[in-house]
Amino acid sequence: PVKNYLSNKEKKVNSPKISLNREEKSAKIFLALLVKYPFLLELALAKLPSEYLSGQNSADLYSALLMYYTKNQEIADYPHLRESLSHELSPELLAFLDEIALLGEVEFSQFDESRAQNEALDLILFLKNNFTLKKRKQLERMIKAAELKNNEAEINDLMEQLKSLN
């Protein structure tokens, strides 16, 4: 389903013609899974920080969903969720939430809870690995720049950050 979505997304959801990379598409499908199956929010809260999601709207919506879940410990249904978040989200994020909800209905209507949980775990692993790889590359570039400046303190700090990723 993730692979199908990543290759066929434009055919299934009418959205602006903005080209998304694989990480952004994965973040959107992860959010769609969470909105369709709210019981997965507890798993998401435990395993995936919001900075691991690509795309500002995705990260912002994910944070809002996690905060909502933390306050309420449940999400009854989509209309209730949307109504509750309509007071907290910008119109742009509410439109994004509607898009995500529709995507969840299209992509995951045939999933049972077990399959949805397995899909969520796969997406969490992908998003974590992608974040770690990007962060590692960023730190390596910063270390090279610090080496060119002979800044030992910065090099040591960046090396510690790099070690903590492993």
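These figures come from a predicted structure and were not determined experimentally. (Residues numbered from 1 in each chain as written. Predicted model: local features only at pLDDT ≥ 70, side-chain atom pairs only at ≥ 80, totals over all residues. Heavy atoms only, no water.)

## A word on the pattern of salt bridges
Considering all chains together, one arrives at 4 salt bridges under this definition. For K28, the salt bridge goes to E99, with nearest N and O atoms at 2.3 Å. Placement of the pair is K28 in helix α2 (residues 22-36) and E99 in helix α6 (residues 91-108), with a sequence separation of 71 residues. (Salt bridge = Lys/Arg side-chain N within 4 Å of Asp/Glu carboxyl O. Helix = DSSP H or I, 4+ residues; strand = E, 2+ residues; numbered from the N terminus.)

## Describing the environment of E107
Mapping E107 onto the fold places it in helix α6. The exposure class of E107 is buried, given its relative accessible area of 10%. It is 8.4 Å that separates the C-alpha atoms of E107 and I29, two residues lying 78 residues apart in sequence. (Buried < 20%, exposed > 50% of the residue type's maximum accessible area, 1.4 Å probe, protein only.)

## Let's talk about the packing of aromatic side chains
The final tally for this structure, using the stated rule, is 4 aromatic pairs. Plain terms: the ring middles of Y37 and F39 are 6.2 Å apart, the flat faces sit at 80° to each other, and that makes the pair edge-to-face. Ring geometry for F108 against F111: centres 5.0 Å apart, planes inclined by 75°, an arrangement best described as edge-to-face. Accessibility classification places F108 together with F111 in one group, the buried group. Positioned above the aromatic ring of Y37 is the side chain of K36, whose terminal nitrogen or guanidinium carbon lies 6.0 Å from the ring centre. (Phe/Tyr/Trp six-rings, centres within 6.5 Å; stacked < 30°, edge-to-face > 60°. Lys NZ or Arg CZ within 6 Å of the ring centre and 35° of its normal.)

## Description of the packing of helix α7 (residues 113-148) against helix α8 (residues 152-165)
Remark: α7 packs on α8, axes separated minimally by 9 Å, with the N-to-C direction vectors making an angle of 165°. Considered as vectors, α7 and α8 are oriented roughly antiparallel to each other. Relative to α8, the crossing made by α7 is left-handed. Residues T132, K135, R136, L139, M142, I143, A146 and E147 of α7 form the contact with α8, whose participating residues are E154, I155, L158, M159, Q161, L162 and L165. (Axes fitted to C-alpha atoms, helices over the stretch in contact; angles between N-to-C directions. Parallel < 35°, antiparallel > 145°, perpendicular 65-115°, else oblique. Left-handed = near helix turned anticlockwise from the far one by under 90°. Contact = heavy atoms within 4.5 Å.)

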